[in-house]
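One-letter residues, chain by chain:
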Amino acid sequence: MTAARSRSILVLGGARSGKSRFAEGLARDTGCEKIYFATGRAWDDEMRTRIEAHKADRADDGWTTHEEPVHLVGALRSLDQPGRVILVDCLTLWVTNLMMEEGRDVGADGAALAASLKELEATVIFVSNEVGLGIVPENKMARAFRDHAGRLHQAIAAEADEVYFIAAGLPLKMKG
Amino acid sequence: MTAARSRSILVLGGARSGKSRFAEGLARDTGCEKIYFATGRAWDDEMRTRIEAHKADRADDGWTTHEEPVHLVGALRSLDQPGRVILVDCLTLWVTNLMMEEGRDVGADGAALAASLKELEATVIFVSNEVGLGIVPENKMARAFRDHAGRLHQAIAAEADEVYFIAAGLPLKMKG
Amino acid sequence: MTAARSRSILVLGGARSGKSRFAEGLARDTGCEKIYFATGRAWDDEMRTRIEAHKADRADDGWTTHEEPVHLVGALRSLDQPGRVILVDCLTLWVTNLMMEEGRDVGADGAALAASLKELEATVIFVSNEVGLGIVPENKMARAFRDHAGRLHQAIAAEADEVYFIAAGLPLKMKG
């Protein structure tokens, strides 16, 4: 295995767009040791079922799984090593978790994450849902969520080496 | 008319994105005999009005219309001929209809459709709505619908020769 | 300052996609006198806060602000001059305002706007929200809104010299 140049990559897409599968392919192609970084919390049975299905898909495929719903920046630092690729799946669940924690400033957390990318020695791949292309939600919390997600995507994309938009499993390269 | 090479094409886009008009242009450019394959069912007056408006737009423009809301794979086979182009409008209405039928496995139907593409001698063009780029719907049925639609798009896109994403009437070519 | 060739440009994107910032950069790059054309009306405190935040962002940055919620075509004509760039932010708010006015035909207003573009001597940049890529809204007014917005985008894109789709602050050029 040759040491791959460390990169940061954002993979954006809609629900069931194949963004996680595309990101897994990018991770595999690095030839690095693969860390799957899950941000999801099981709030109900539906989500628990989805999380377990994803885990089963990765089983026997060489991934080490790490779970951390809130403290993403610190956890990335603790996992950071040359020769590793860390796939963070996904940023939108992280935003949801931050919004549930009392007293957090989601924008500041996002800025800290964006600022940390240049220091990482591992390649890091962020998967996230684009959620801002529908009608304005009637629910105020949903509006705040898509504002937070959109701003985070801009902040990460500005620092990332590569950005992809995924639809129907196919990538459009937007940067890099 | 020269015999065009048979192709399968997926045209994805949002509501009122001009995806049907773009697909009709692709069909016209083949020079083949044009079959318009409508999957829609009129559930209410609003939808009936839309369907009739679409039919009127195609009137006197050389299209033969075929309607089948559920048994898409079999109907495509029965219409299949070299020198024909079949425009299926649209996959998302087909998914809706499948979900309304008792005891169907939407994923299996989608996989059967994807698998059938290589055998067709006609050029087939699928129009479908991208519905996964907004906020997670509160309605469980709506969430299931967008999961089904997203998985179907991935399955069709993997087999299709060309895939387009349409916005504001303009195409982004994603494959082919 | 050299006289820039007059162009018409459509910048489409989701909520918090960075579309206004991208459009402001396009305007700055023309080297022309900058007019910020706001179509928004403050319906509630949340929107008032957003509008004021946007104004503050543009403060001390060389923009003259003009506000007109309904009579866009006439106002553009009255502001039209060579050597000017007019940034209209945004078309979706204009559609909302037209829908609130009694007795207006939104489609006719949109067609008149599209038809006026060729006559303008200023460069005009339209910012608009793509809202048609989520689940069909249950609310009938919301469905009518996204139909109007989608048709307007197609009409403007057909006449515009350049069209961009923005995600995560990054542009995909769709035309020009």
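Residues numbered from 1 in each chain as written. Chains lettered and ligands numbered in written order. Predicted model: local features only at pLDDT ≥ 70, side-chain atom pairs only at ≥ 80, totals over all residues. Heavy atoms only, no water.

Participant: It is not clear to me how the overall build of chain A should be interpreted in this structure. Could you clarify?
Facilitator: Counting its secondary structure elements, chain A contains six helices and seven strands. Ordering the α and β elements of chain A from the N terminus gives β-α-β-α-β-α-β-α-α-β-α-β-β. A globule of 176 residues ought to have a C-alpha radius of gyration of about 16 Å, and chain A, at 15 Å, matches this closely. Along the first, second and third principal axes, the C-alpha atoms of chain A reach 50 × 35 × 30 Å. Every one of the 176 residues in chain A was classed for burial, and the buried ones make up 56%. Excluding contacts between residues fewer than 6 apart, the proportion of contacts in chain A whose partners are at least 24 apart in sequence is 76%. As displayed, chain A has an accessible area near 7700 Å², and 49% of this comes from carbon and sulfur atoms. Side chains of chain A carry 22 positive and 26 negative charges; the gap between the two charge centres is 4 Å. (Helix = DSSP H or I, 4+ residues; strand = E, 2+ residues; numbered from the N terminus. Rg over C-alpha atoms; globule rule 2.2 N^0.38 Å. Buried < 20%, exposed > 50% of the residue type's maximum accessible area, 1.4 Å probe, protein only. Contact = heavy atoms within 4.5 Å. Areas by Shrake-Rupley, 256 points an atom, 1.4 Å probe, with all protein chains shown as cover. Lys, Arg positive; Asp, Glu negative; His and termini not counted. Charge placed at Lys NZ, Arg CZ, Asp CG, Glu CD.)

Participant: Would you take a moment to explain the sheet that holds strand 5 (residues 123–129) of chain A for this structure?
Facilitator: Strand pairs in the sheet, formed through backbone hydrogen bonds, run parallel or antiparallel to each other. Residue and element names in this part refer to chain A. Spatial strand order, 3-2-4-5-1-6-7: seven strands in an open sheet with mixed pairing. Two strands bound the open sheet, and with one partner strand each, they are strand 3 (63–67) and strand 7 (170–175). Geometrically, the sheet is characterised by an average inter-axis angle of 20° between neighbouring strands, direction not taken into account. Alignment of strand 2 (residues 33–38) against strand 4 (residues 84–89), held across six bridges, turns out to be parallel. (Pairing = 2+ DSSP bridges. Axes fitted to C-alpha atoms, helices over the stretch in contact; angles between N-to-C directions.)

Participant: Teacher, can you tell me more about the relation of the copies chain C and chain A here?
Facilitator: These two copies of the chain differ by a rotation about an axis and a displacement along the same axis. Once chain C is rotated about the relating axis by 120° and shifted along it by 0.0 Å, it coincides with chain A to within an RMSD of 0.0 Å. In short, the pair behaves as if placed about a three-fold rotation axis. For chain C, the smallest separation between a C-alpha atom and the rotation axis is recorded for C:G134, amounting to 2.5 Å. (Least-squares fit on C-alpha atoms with pLDDT ≥ 70 in both.)

Participant: Just to check I follow, could you spell out the interface of chain C and chain A for this structure?
Facilitator: When the parts come together, some accessible area is lost, and that loss is often what is quoted as the size of the interface. Taken together, the contact pairs 25 residues of chain C with 22 residues of chain A. When chain C packs against chain A, close to 1800 Å² is buried across both sides, 64% of that on carbon and sulfur atoms. Area buried by chain C at its contact with chain A is led by C:R16, C:A168 and C:L170, which between them contribute 33% of it. Along the contact surface separating chain C from chain A lie two salt bridges. Across the chain C-chain A interface, the total number found is seven residue pairs in polar contact (both at pLDDT 80 or more). Mapped by element, the contributors of at least two residues to the side of chain C that touches chain A are helix 2 (45–58), helix 6 (140–159), strand 6 (162–167) and strand 7 (170–175) of chain C. Of the residues that constitute the side of chain C that touches chain A, the class distribution is 12 nonpolar, eight polar and five charged. (Buried area = accessible area lost by both parts, 1.4 Å probe. Salt bridge = Lys/Arg side-chain N within 4 Å of Asp/Glu carboxyl O. Polar contact = N/O pair within 3.5 Å; in protein donor to acceptor, adjacent residues only side chain to side chain. Nonpolar A, V, L, I, M, F, W, Y, C, P; charged D, E, K, R; others polar.)

Participant: When you look at the interface of chain B and chain C in this model, what are you seeing that I'm missing?
Facilitator: Listed per partner, the contact involves 25 residues of chain B and 22 residues of chain C. At the boundary of chain B with chain C, total buried surface from both sides reaches about 1800 Å², with 64% on carbon and sulfur atoms. When residues of chain B are sorted by the area they lose upon contact with chain C, B:R16, B:A168 and B:L170 head the list and together hold 33% of the total. Between chain B and chain C we count two salt bridges in total. Here C:D147 makes a salt bridge to B:R16, at a shortest N to O gap of 3.1 Å. Across the chain B-chain C interface, the total number found is seven residue pairs in polar contact (both at pLDDT 80 or more). Each residue belonging to the side of chain B that touches chain C can be placed in one class, and the counts come to 12 nonpolar, eight polar and five charged.

Participant: For this particular structure, what's the right way to read helix 2 (residues 45–58) of chain B?
Facilitator: Helical periodicity: at 3.6 residues per turn, an α-helix aligns residues three or four positions apart in one direction. Residues and elements named next belong to chain B. Over its 14 residues, helix 2 extends 20 Å from the first C-alpha to the last, a length consistent with the 20 Å expected when each residue adds 1.5 Å. The residue sitting at the N-terminus of helix 2 and contributing the capping side-chain oxygen is D44; that oxygen lies 3.2 Å from the backbone nitrogen of E46. Among the residues trailing helix 2, D60 stands out with phi positive, at a value near 60°. (Expected span 1.5 Å × (residues − 1).)

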